[in-house]
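# Reading the structure
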Amino acid sequence: MSKWFYKNKKIDRELSNKLGIHPAIIKILADRGVETEEDIREFLAADLSKVSDGSELTDMEKGVSIIQDAIAAGKHIRIIGDYDVDGVTSTYILYKGLIGLHAKCDKFIPHRIKDGYGLHENAIRRAREDGVEVILTCDNGIAAADAVIDPKRPEDHVFKEICGAVVAWKFTGRLYKRFGMEDEFRNSDFLEMASLGTVCDVMDLQKDNRAIVKAGMKKMQITNNVGMQALMEVLGLKDKILKSYDYGFKIGPCINAEGRLDTANEAFNLLMETDHKKALDKAEEMRKLNVERQDLTKSGMGDALRIVDTKMKNDKVLVVYIPGIHESIAGIIAGKVRERYNKPAIVLTNGDGDFLKGSGRSIEAYSMFEKLSEVRDLMLGFGGHPLAAGLSLKKENLEEFRKQLNVRCGLTEADFVAKVMIDVVMPVDYLTEGFIRQLDILEPFGKGNEKPVFAQQNVSASQAQIIGKNKNVLKIAFNSAVCRNGVCFHDIEEKERILNQDGKLNDFKMLYYPDLNEWQGTVSIQTNVLDVC
């Protein structure tokens, strides 16, 4: 269930004429706080040359000097990264960057289950045993270091929402400048890796991030990285114009699948591969592993829904124990459960020992970290932030844990109603091919610059049916000469039930995003249907 809201914001229509941009796009930008001519031009330009090089960050120059001196002295440097996309791309940028400067260098990416997250004593002890003299971390927590380069430091008055890969990119850029190798840095594949890390780490696509992702995606299409070329080829993205969706839902999940079900070192090795045939083989293995991860998630999700629907209909905080799932996908399933019911969700499974381990995903009205803190005595450990958390507890504490979270939640039924902000009210009859193509100037879409939501009341359609080999698409045939069809991919059984009641299809309200369907040289207008009522 969701409640729809429309921002009835007035716009300067003269800007539409002056900039040659459709008034609806001016409205979309205004809703995002981009209202003046200067702001609009800056937003649309997303100029990479205006992105900070990181020199203003505390400890940046100190850190660069430490690594510069270590390279000159021939010291053994070890990069310690992380197992997600941001961690793999961060590690790659630093490792490839240091190798390019002839550093004595290696890397360590922890195993999600065996090693866990962050810089641990075992990793430091192992480094010492291996003769490592300098440790360079990226995309993991810091306890103590000679130099800490982090835009979130309170003394740094900069755009703070950048990921580890972007920090690594800026650091490497400063390092290459010290060596007089700016051209080599610009001609490297570091920018595309930073852009991939940004999207997959769900950073706000504003300011520096918007410019990095826009330029990085364009560069990724012609990347000289053999591994990425192979991965895009097996995913059907070769020679196609990339969008943030391709990063977040195609390329990124393949890299993440390695870190979840196997080892992220395989993903790193793909990025380092220089033989095209070997890269294709590795990329295909990654694609298959991601399919396996998807199947495991689908199966686990089915189990979760059955448990919630039969045992937890009245629960306000959903604590779901699924014994057989792989612990690395607990967070994915928790996120999907949260989306389905718009309630805080925690998914637990058996850990490697006599305890349960899992992840939680929350809604805006419920600070998961704060509420978990209230029942800390029932857990072995936990960590996270308001919208996500990881935790472990003894199995005998499970029911009391579930009970206490629900007793203490403070949530009301109103908190479970998802709020959807409508950007543009536009009947599909008003859509044109030119307008839909112009929407691309708002790309890249993502967190902080979401795809605009369009709405229409009194939609007339002749048919709504579930189609496809796997019965995974709801197709709606509109009574429109402009836009014949709409397609929907989420909760299609529920939407089909809403539309087809009492043996007929009545007029309905619809949320959608306009799209173009290009097939065998013919272009037609269609909609991606988000919701109906």
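No experiment lies behind these values; they were computed from the predicted model shown.

## What to know about the overall build of the protein chain
Helices and strands together make up the secondary structure of the protein chain, namely 19 helices and 19 strands. The C-alpha radius of gyration computed for the protein chain amounts to 25 Å, which stays within 12% of the reference 24 Å derived for 533 residues, consistent with globular compactness. Across its three principal directions, the C-alpha atoms of the protein chain cover 75 × 65 × 50 Å. Here the protein chain, with 533 residues, has 48% of them falling under the buried criterion. Within the protein chain, residue pairs in contact and separated by at least 24 positions form 68% of the contacts whose partners lie at least 6 positions apart. When the accessible surface of the protein chain is totalled, it reaches about 26,400 Å², and 48% of it is carbon and sulfur. Each charge class in the protein chain can be summarised by its mean position, and for the 75 positive and 81 negative side chains these summaries are 3 Å apart.

## Side note on the nonpolar core
In terms of nonpolar packing, the biggest core is built from 70 residues, with Ile67, Ile77, Leu98, Trp169, Ile251 and Ile255 touching the most fellow members. Considering every element that reaches this core, the biggest residue donor is helix α7 (residues 164–178), with 8 residues. Leu29, Ile476, Phe478 and Tyr513 belong to the second-largest nonpolar core, a separate cluster that totals 41 residues.

## Side note on the sheet that holds strand β4 (residues 134–137)
The strand order across the open sheet formed by 3 strands is β3-β2-β4, and the pairing between neighbours is parallel. Two strands close off the open sheet at either side, each with one partner strand: β3 (104–108) and β4. Neighbouring strand axes in the sheet, compared pairwise and without regard to direction, differ in orientation by 25° on average. By the bridge criterion, 4 bridges tie strand β2 (residues 76–80) to β4 in an arrangement that is parallel. In the sheet register, arginine 78 faces β4, and the bridge partner there is isoleucine 135. Each of β2, β3 and β4 touches helix α5 (residues 85–100); the most contacted strand, β3, lies at about 165° to it. Seen against the sheet, helix α6 (residues 121–129) touches β2, β3 and β4 and runs at an angle of roughly 155° to β2.

## Examining the packing of aromatic side chains
A full pass over the atoms with the stated rule returns 12 aromatic pairs. Plain terms: the ring middles of phenylalanine 435 and phenylalanine 454 are 6.0 Å apart, the flat faces sit at 70° to each other, and that makes the pair edge-to-face. With phenylalanine 435 in helix α18 (residues 433–438) and phenylalanine 454 in strand β12 (residues 454–459), this pair connects stretches of sequence that are 19 residues apart. By the burial criterion, phenylalanine 435 is buried, and phenylalanine 454 matches it. Connected via pairs of aromatic rings, a cluster forms that spans Phe435, Phe445, Phe454, Tyr512 and Tyr513. Above the face of the phenylalanine 416 ring, lysine 343 is positioned so that its terminal group lies 5.2 Å from the ring centre.

## Brief notes about the pairing of strand β15 (residues 483–488)
One ladder, built from 4 bridges, connects strand β14 (residues 473–478) with β15; its direction is antiparallel. Along β15, the bridge assignment pairs leucine 474 with cysteine 488. Here β14 folds back onto β15 in antiparallel fashion, the turn holding 4 residues. Judged from the 4 bridges that link them, β15 and strand β19 (residues 522–532) form a sheet pairing that is parallel. Its bridge partner lying in β19, cysteine 483 is registered against isoleucine 525.

## A word on the packing of α7 against helix α9 (residues 190–200)
For the pair α7 and α9, the least separation of the axes is 8 Å and the interaxial angle reads 155°. Judged by the angle between their axes, α7 and α9 are roughly antiparallel. For the pair α7 and α9, the crossing hand works out as left-handed. From α7, Ala165, Val166, Trp169 and Thr172 reach across to α9, where they touch Phe190, Leu191, Met193, Ala194, Gly197 and Thr198. Its residues placed into classes, the contact of α7 with α9 shows 7 nonpolar, 3 polar and no charged.

## Regarding the packing of helix α14 (residues 276–311) against helix α15 (residues 330–341)
Pairs of packed helices are described in terms of their axes, by the angle between the two and the distance that separates them. Interhelical geometry of α14 versus α15 gives an angle of 50° and a closest axis separation of 9 Å. Judged by the angle between their axes, α14 and α15 are oblique. Pair α14 / α15 crosses with right-handed handedness. The segment α14 lies against α15, with Arg293, Thr297, Gly300, Met301, Ala304, Leu305, Val308 and Asp309 engaging Ile332, Ile333, Lys336, Val337, Arg340 and Tyr341.

Rules of the game
- Position numbers for residues start from 1 in each chain and track the written sequence from start to end.
- Since the coordinates come from a predicted model, pLDDT governs what is reported: local features require at least 70, and pairs of side-chain atoms require 80 or more to be given and counted, while whole-chain, interface and lining totals use all residues.
- Think of the side-chain values as coming from all heavy atoms in the structure, minus any hydrogens and water.
- Numbering goes from the N terminus for both helices and strands, where a helix is a DSSP run of H or I of at least four residues and a strand is a run of E of at least two.
- Put simply, the radius of gyration uses C-alpha atoms, and a globule should come to 2.2 Å times the residue count raised to 0.38.
- Each residue is assigned to one of three classes by its accessible area relative to the maximum for its type, calculated with a 1.4 Å probe on protein chains only: buried under 20%, partly exposed between the two thresholds, exposed over 50%.
- Between two residues, a contact is recorded if the distance between any of their heavy atoms is within 4.5 Å.
- Computed by Shrake-Rupley with a 1.4 Å probe, the accessible areas treat only the displayed protein chains as cover when residues are assessed.
- Lys and Arg are tallied as positive, Asp and Glu as negative. Neither His nor the chain termini are counted.
- Where a charge lies is defined by one atom per residue type: Lys uses NZ, Arg uses CZ, Asp uses CG and Glu uses CD.
- Among buried residues, the Ala, Val, Leu, Ile, Met, Phe, Trp, Tyr and Cys ones that are joined through side-chain atoms within 4.5 Å form a nonpolar core.
- By definition, two strands form a pair when at least two bridges between them are found by DSSP.
- For helices, the fitted axis covers only the stretch in contact; all axes are lines through C-alpha atoms, and the angles between them, taken along N-to-C directions, range from 0 to 180 degrees.
- Here a pair means two rings of Phe, Tyr or Trp (six-membered ring of Trp) with centres within 6.5 Å. Their orientation is stacked below 30 degrees between planes, edge-to-face above 60, and tilted elsewhere.
- The rule is short: NZ of Lys or CZ of Arg within 6 Å of the ring centre and within 35 degrees of the ring normal puts a charge over the ring.
- Any angle that is under 35 degrees is reported as roughly parallel, and any over 145 degrees as roughly antiparallel; angles of 65 to 115 degrees are reported as roughly perpendicular and all others as oblique.
- The sense of a crossing depends on the near helix, which, turned anticlockwise from the far helix by less than a right angle, makes the crossing left-handed and, turned clockwise, makes it right-handed.
- Throughout, the ten residues Ala, Val, Leu, Ile, Met, Phe, Trp, Tyr, Cys and Pro are labelled nonpolar, Asp, Glu, Lys and Arg are labelled charged, and all others, Gly among them, are labelled polar.

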